[in-house]
Number of protein chains: 2
Amino acid sequence: MTLHGKSIIAGQPASAGGNVFHAINPATAAELEPDFHEGLPADVNAALNAAVAAFNDFRTCPPEQRARLLESIAAEIEALGDALLQRTMLETGLPLVRLQGERARTCGQLRLFAGVVREGSWIDARIDPALPDRQPIPRPDLRRMLIPIGPVVVFGASNFPYAFSVAGGDTASALAAGCPVVVKAHGAHPGTSELIAGAVSRAVATCGLPAGIFSLVHGGPAVGMALVKHPLTAAVGFTGSHAGGRALFDAAASRTHPIPVFAEMSSVNPVVLLPGAVRERGPALAQGLLTSFTLGVGQFCTKPGLVFVLRDSETDTLVSTLVGLVEKAAGGTMLSPGIRTAFGENCRRITGARGVSVLAPASTPGGADTPLGQPAVAMVSAADFMDQPVLATEAFGPFTLIVLADAPDQITACVHALEGQLTATVHGTSADLDGARALLSLLEQKVGRVVINGFPTGVDVGAAMNHGGPYPATTDVRFTSVGTAALLRFARPVCYQGYPQDLLPDALRDRNVHGLMRRIDGQLTRDDVA
Amino acid sequence: MTLHGKSIIAGQPASAGGNVFHAINPATAAELEPDFHEGLPADVNAALNAAVAAFNDFRTCPPEQRARLLESIAAEIEALGDALLQRTMLETGLPLVRLQGERARTCGQLRLFAGVVREGSWIDARIDPALPDRQPIPRPDLRRMLIPIGPVVVFGASNFPYAFSVAGGDTASALAAGCPVVVKAHGAHPGTSELIAGAVSRAVATCGLPAGIFSLVHGGPAVGMALVKHPLTAAVGFTGSHAGGRALFDAAASRTHPIPVFAEMSSVNPVVLLPGAVRERGPALAQGLLTSFTLGVGQFCTKPGLVFVLRDSETDTLVSTLVGLVEKAAGGTMLSPGIRTAFGENCRRITGARGVSVLAPASTPGGADTPLGQPAVAMVSAADFMDQPVLATEAFGPFTLIVLADAPDQITACVHALEGQLTATVHGTSADLDGARALLSLLEQKVGRVVINGFPTGVDVGAAMNHGGPYPATTDVRFTSVGTAALLRFARPVCYQGYPQDLLPDALRDRNVHGLMRRIDGQLTRDDVA
């Protein structure tokens, strides 16, 4: 499979005028072929202009056509076969089985959104029919639904080269909502990005949709910023670092016409181990923690990075078990040399704080000159934790910090001091949990998802998922970036007053041709308007 | 009814330490009794701390209790009787009949939200039951619903002293969602604000809810800014000027932890008169326009401020009719001396632009030294309109600008150049409208509500209303500030994974005790979980 190394604007390769860069094999630090070319300002402008030109046709196309587009993208990705997997392995260091699973998840996600588009009720149709005789004043005919917000800029993430990248959750949900998409390719997997962008472009053509609904632009932060600041951009989806997400949010908020940014950023995903659970199943908890915080070499947004537990002899046993497991755990190639370096630095920042002791491995993690992220666990007292906010920051990679508390109230105080998180997890027996209602209530206010007796990694893609949370977990606590509700980020309501039937969108006509769940006079029903 | 002139923090009058100010009778420019006292930083802090302290009890109280609170507030407002109306007339210059109508709307709105809370399906409950045998990995039990976002700061608006002020749409929707509210009273009607705040506080007490769920703070921009920047504030509702709304938005976006601001700001609400309609019912259109742009002395967010029409002899007749009506129209007392002054300035700014001719009244509007806002109409060519962006800005008051176009394409070009609006209106015959589909599609992308053969003033409060629109109409196009969907502004999703039944909120348990519409495995149903 030959790569041309260029941005793809509305289905066509762009010029090769921009700075040249290469993908790096993180396992060897070797440059990969071919040359890639950063997008130029003209490419950014062309992509957004093509998106706007295509928007009206796309937003008004039948839902069935939009559903087929999503399914065609999935089929085209699958048709890339092993060549895609091989390229992504080279670019990311992720193992084949993981990438096969992630590809399945990505295609499943596209097909799930196709189902949502076909069913159609997500538009939240509301009809208040005219009441010409109402006193003191008549009511006009009022009909409201969600329509797509406009061109969406999506930033590919390094840690999910399929599921949160070119045709990942942000792209799938924006296309499902009816929005054109311009992807800023992540520089760590440009070949993967080009291959997937080709698949998307072919699907767009196959479905008879305008090519402008999808473009891919290569480049670094300057290109990203140009995309966010472009006057035709209507919304932004981003998954990555706090610094990166905040910079985009600030740029978007300071535009003449501000636009929403859905940045999913940093999270330490606290876990609380209650005493009954520690007593009943300490070794299983240790094993579960290890699996969760080292999954994908710890490079998940939902990696549990903090473990709160009461200081007692059963906890000592659990910790010993965990330390034994960590010492035996193999390191894994991290996604990029930069992530590997940052992991080492962040580990040292945390383990260098007062009162923190590294339990495993024997040498301070991150010291060695290797592409591997070596699993590591450290420990600190709750009192020292409370005093040092650095200990509640994220070290992206296979590291977790155990916080030993002297009393349940101390755990509550630590949780109270935490910033917003994607997830929180509590392990407990029935009796533990019954006594922890106040803690659960507090956690619910701090996070987007609370997990009981499970682990936060492994984010299921369905209707009920919420992958979001109060700042700094995300920049917009009101929305999820995973699951079917993610398309609500890219929609906005419009009300049609006094419209004749034939000028209304299908979904709002008296006859409910698509069988949507609608609110008529405030009541949910699939009936026609009487 | 005696007024104490102080802020009300969690049901109690605050200290009288802040700067003293007075309400002004806009008809006479006379100061009204008593002294009012601006809130101090300590009052702001006390209000937010009380809100947070009360939040957990309030958010978890039964929906029935929240519904009764909203109904009790309505009853308490009604119980204020004529004393309230008299005070508001003095403070706002608005006539009795208008205030009676607005009070009815405000109480109706509170009761409407009570119904929404009781019905309960707005929380968008989603349940994906566990699939322990799913391949390749099991699905955990996942349940998601909307929960309240936290304390909401509401800015009272001057132009709707009941419906968009202390117990107006923002407060009603925030309380309905389960959020404590801190109101920044508008300085133009502090006595009205105190009376309504007393009514709310009594209702809170009657319903056995914690007093901290409602506070009222008097003060100017500094107090408002302190409320928006307070770390415990979770969201902001505002209706007012673009400068004011943007300043609050910028402050909120630049917080360490940014929060959403729903600012409903400026809109010129374009009207397009298509030729068939002008021919068929020119005089009726002239009368309808006059009524709409002078309603409430033109002090409505939805006042039609621009009228696009083709240049021809029937248009000449319509314009002459309108001019005759405007010349005979009586002026009305404007809400405050400041608004009166700004109206004059804005009219002069627009009518002073190149090519603009004032059609009525004979003297340039706004010149005289009077509290009255005198209806005025001016005219300009589409070519001159396109060249001068000032002509598309809002003059808050009874002024409208007719834009004469030489061809339909010129109207489209003018509309294309407009910024975001709350509303757009099109008058046309069936044939006109059939030929204007592209124009309607364009308008739909520019505004929050498109009106056909009606007028934009008179915003119905129901399920299907959308009062919002692209920037600068509002700072968040994804939400409405009027109608039942307004409470979605103040809610956010949370997902409960692996919860035992007895720890789940009622709404997410297997047994659907409240009969909510929920999504189970993505399918909408009122069934229990099987």
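Draft legend 1. Broad picture of the overall build of chain A. Regarding its fold elements, chain A presents 15 helices and 25 strands. On C-alpha atoms alone, chain A measures out to a radius of gyration of 25 Å, which is about the 24 Å that the 2.2 N^0.38 rule sets for 530 residues. Along the three orthogonal principal directions, the C-alpha set of chain A runs to about 75 × 65 × 40 Å. A buried classification covers 64% of the 530 residues belonging to chain A. By sequence separation, contacts in chain A at least 24 residues apart represent 75% of the contacts at least 6 residues apart. Surface accessibility of chain A: about 17,500 Å² in total, with carbon and sulfur atoms responsible for 57%.

Draft legend 2. Just the state of the cysteines, in detail. Residue and element names in this part refer to chain A. All chains considered together, the criterion is met by zero disulfides over all chains. You can see Cys207 has no disulfide; the closest cysteine sulfur is in Cys61, sitting 9.2 Å from it. With no disulfide of its own, Cys347 has Cys301 as its nearest cysteine by sulfur position, at a separation of 17 Å.

Draft legend 3. Broad picture of empty space enclosed by the protein. Applying the stated rule across the entire model yields five cavities of 30 Å³ or more. In this model, the largest cavity occupies a volume close to 680 Å³. What lines the largest cavity is a set of 36 residues, among which Asp124(A), Leu488(A), Trp122(B), Asp124(B) and Leu488(B) lie closest to the centre. Mapped onto the lining of the largest cavity, the elements with two or more residues apiece are strand S8 (142-148) and strand S24 (518-520) of chain A together with strand S8 (142-148), strand S23 (491-497) and strand S24 (518-520) of chain B. Take the lining of the largest cavity: its biggest share by element is three residues, from S23(B). Its residues assigned to classes, the lining of the largest cavity shows 19 nonpolar, four polar and 13 charged. Taken as a whole, the second largest cavity holds about 90 Å³ of empty space. Taken together, 15 residues line the second largest cavity, and the ones lying closest to its centre are Phe262(A), Thr474(A), Phe479(A), Ser481(A) and Arg489(A). Among the elements of the structure, strand S12 (235-239) and strand S13 (261-264) of chain A are those that each provide at least two residues to the lining of the second largest cavity.

Draft legend 4. Spatial organisation of the sheet that holds S8(B). Read across the open sheet, the twelve strands follow the order S17(A)-S19(A)-S20(A)-S15(A)-S14(A)-S21(A)-S22(A)-S23(B)-S8(B)-S7(B)-S24(B)-S25(B); overall the sheet is mixed. Both edges of this open sheet fall to strand S17 (357-360) of chain A together with strand S25 (523-525) of chain B, since each of them pairs with a single strand only. Each strand of the sheet is rotated relative to its neighbour by a mean of 25 degrees, with strand direction disregarded. Inspection of the sheet shows strand S21 (residues 421-427) of chain A paired to strand S22 (residues 447-452) of chain A by five bridges, in the parallel sense. By the bridge assignment, Ala424(A) is partnered in S22(A) with Val450(A). Where helix H9 (residues 275-294) of chain A meets the sheet, it contacts strand S14 (270-273), strand S15 (306-310), strand S19 (376-381), strand S20 (399-405) and S21 of chain A, and its direction lies at approximately 155 degrees from that of S14(A).

Draft legend 5. Main features of the interface of chain A and chain B. With 77 residues of chain A in contact, the opposing surface of chain B contributes 77 residues. Here chain A packs against chain B, burying approximately 6,100 Å² in sum over the two surfaces, 52% of which is carbon and sulfur. Joining chain A to chain B, the criterion identifies eight salt bridges. Among the salt bridges present, the one from Asp460(A) reaches Arg134(B), with a minimum N-O distance of 2.4 Å. Counting across the chain A and chain B interface gives 49 residue pairs in polar contact (both at pLDDT 80 or more).

Draft legend 6. View of the packing of aromatic side chains. Summed over all chains, the structure comprises 17 aromatic pairs over all chains. Three or more aromatic residues joined by ring pairs form one cluster here, namely Phe262(A), Phe479(A), Phe490(A), Phe262(B), Phe479(B) and Phe490(B). The ring of Phe55(A) carries Arg59(A) above its face, with NZ or CZ at 6.0 Å from the centroid. Above the ring of Phe160(A), the side-chain terminus of Arg98(A) is found at 5.0 Å from the ring centroid.

Draft legend 7. Summary view of the environment of Ile213(B). Residues and elements named next belong to chain B. With respect to the secondary-structure elements, Ile213 resides in the loop between helix H6 (190-206) and strand S11 (214-217). Sequence separation between Ile213 and Ala54 is 159 residues; the distance between their C-alpha atoms is 5.8 Å. Ignoring any residue separated from it by four or fewer positions in sequence, one finds Ile213 in contact with Ala54, Phe58, Leu69, Leu175, Pro180, Val181 and Val204.

Draft legend 8. View of the relation of the copies chain A and chain B. Rotating chain A by 180 degrees and moving it 0.0 Å along the rotation axis overlays it on chain B with an RMSD of 0.0 Å. Such a combination of rotation and displacement between the chain copies is what one expects of a two-fold axis. The C-alpha atom lying nearest the rotation axis in chain A is that of Ala253(A); the distance is 3.3 Å. When the interface residues of chain A are mapped onto chain B, 100% of them are again interface residues, pointing to one common binding face.

Draft legend 9. Structural context of the packing of helix H3 (residues 81-92) of chain A against helix H6 (residues 190-206) of chain A. Residues and elements named next belong to chain A. Two elements in contact, H3 and H6, have axes separated by 8 Å at closest approach and are oriented at 155 degrees. Relative to H6, H3 is oriented roughly antiparallel. In the packing of H3 onto H6, the handedness of the crossing is left-handed. Between H3, through Ala83, Leu84, Arg87, Thr88 and Glu91, and H6, the contact on the second element is made entirely by Pro190, Gly191, Thr192, Leu195 and Ile196. Across the contact of H3 with H6, the residue classes break down as five nonpolar, three polar and two charged.

Draft legend 10. Structural context of the sheet that holds S24(A). The twelve strands are arranged S25(A)-S24(A)-S7(A)-S8(A)-S23(A)-S22(B)-S21(B)-S14(B)-S15(B)-S20(B)-S19(B)-S17(B) in an open sheet whose pairing can be described as mixed. Sheet topology places strand S25 (523-525) of chain A together with strand S17 (357-360) of chain B at the edges, where each strand pairs with a single neighbour. This sheet shows a mean twist of 25 degrees between the axes of neighbouring strands, independent of strand direction. The strands touched by helix H11 (residues 337-351) of chain B within the sheet are S17, strand S19 (376-381) and strand S20 (399-405) of chain B, with S20(B) carrying the most contacts at an inclination of about 15 degrees.

Draft legend 11. Broad picture of the pattern of salt bridges. According to the stated counting rule, one finds 50 salt bridges over all chains in the structure shown. Here Asp521(A) and Arg139(A) are joined by a salt bridge, their closest N and O atoms 2.5 Å apart. In this pair, Asp521(A) sits in the loop between S24 and S25 while Arg139(A) sits in the loop between strand S7 (126-128) and S8, placing the two residues 382 residues apart along the sequence. For Asp521(A), a relative accessible area of 42% corresponds to the partly exposed category. We note a salt bridge from Asp141(B) to Arg143(B), for which the minimum N-O separation is 2.7 Å. On the basis of relative accessible area, Asp141(B) is assigned to the buried category, the value being 13%. Look at the salt bridges and you will find they share partners, linking Glu64(A), Arg68(A), Glu71(A) and Arg118(A) into a network.

Draft legend 12. Layout of the pairing of S19(B). Residues and elements named next belong to chain B. Of all six residues that make up S19, six are buried, and the element is covered over most of its length. Along S19, one buried face is formed by Ala376, Ala378 and Val380 and the opposite face, lined by Val377, Met379 and Ser381, is buried too. Here S17 pairs with S19 via three bridges, running antiparallel. Pairing of Val358 across the sheet is with Ala378, part of S19.

Draft legend 13. A look at the nonpolar core. Core analysis: the biggest nonpolar cluster contains 236 residues, and Leu69(A), Phe385(A), Leu401(A), Leu69(B), Phe385(B) and Leu401(B) have the highest contact counts within it. Dropping the residues within four chain positions of it, Leu69(B) is found in contact with Phe58(B), Leu175(B), Ala203(B), Val204(B), Cys207(B), Leu209(B) and Ile213(B). Of all hydrophobic cores here, the second largest spans 50 residues; its members include Val44(A), Val228(A), Ala251(A) and Val223(B).

What counts as what
- What you see as residue numbers is a count from 1 along each chain, following the sequence as written.
- Going through the entries in the order they are written, you letter the chains from A and number the ligands from 1.
- Given that this is a predicted model, residues contribute local features only at a pLDDT of at least 70 and side-chain atom pairs are listed and counted only at 80 or more, while totals for whole chains, interfaces and linings are drawn from all residues.
- Side-chain figures throughout are based on the complete set of non-hydrogen atoms in the structure, without hydrogens or water.
- Strands are runs of DSSP state E lasting at least two residues, helices are runs of H or I lasting at least four, and both sets are numbered from the N terminus onward.
- Note on method: radius of gyration uses C-alpha positions; expected globular size equals 2.2 Å times residues raised to 0.38.
- Throughout this description, buried means an accessible area under 20% of the type-specific maximum (1.4 Å probe, protein chains only), exposed means over 50%, and partly exposed covers the range between.
- Only heavy atoms matter for contacts: two residues are in contact if any of them lie within 4.5 Å across the pair.
- In these tables, accessible area is a Shrake-Rupley quantity obtained with a 1.4 Å probe, and a residue counts as shielded only by the protein chains included in the view.
- Criterion for a disulfide: a pair of cysteine sulfur atoms within 2.5 Å.
- The method works on a 1 Å grid over the protein atoms by themselves. A cavity is a set of points holding a 1.4 Å probe that cannot get out, a pocket is an open set with protein on both sides within 12 Å along at least five of seven lines, and residues with an atom within 4 Å of a point line them.
- Grid points are joined across faces, edges and corners, and a volume is the space filled by probe spheres set on the points.
- Each residue gets one of three labels, nonpolar for Ala, Val, Leu, Ile, Met, Phe, Trp, Tyr, Cys and Pro, charged for Asp, Glu, Lys and Arg, and polar for the others, Gly among them.
- By the convention used here, strands pair only if DSSP detects at least 2 bridges between them.
- Only the contacting stretch of a helix is used when fitting its axis, a line to C-alpha atoms as for every element, and angles between N-to-C directions run 0 to 180 degrees.
- Two parts placed together each lose some accessible area under a 1.4 Å probe, and adding up what both lose gives the buried area.
- Just to be clear on terms, a salt bridge is a Lys or Arg side-chain nitrogen sitting within 4 Å of an Asp or Glu carboxyl oxygen.
- Two N or O atoms form a polar contact when they lie within 3.5 Å of each other; inside protein one atom must be a possible hydrogen donor and the other a possible acceptor, and for residues adjacent in sequence the pair counts only when both atoms belong to side chains.
- Pairing of aromatic side chains requires ring centres within 6.5 Å, counting the rings of Phe and Tyr and the six-membered ring of Trp. Pairs whose planes differ by under 30 degrees are stacked, by over 60 edge-to-face, and all others tilted.
- Cation placement over rings: the criterion is NZ of Lys or CZ of Arg within 6 Å of the ring centroid and within 35° of the ring normal.
- Least squares is the method used to superpose the copies, on C-alpha atoms of residues holding a pLDDT of at least 70 in both.
- When describing relative orientation, an angle under 35 degrees is termed roughly parallel and one over 145 degrees roughly antiparallel, while 65 to 115 degrees is termed roughly perpendicular and anything else oblique.
- Two helices that cross are described as forming a left-handed crossing if the nearer one is turned anticlockwise from the farther one by less than a right angle, and a right-handed crossing if clockwise.
- Residues enter a nonpolar core if they are buried and are Ala, Val, Leu, Ile, Met, Phe, Trp, Tyr or Cys, with the set joined through side-chain atoms within 4.5 Å.

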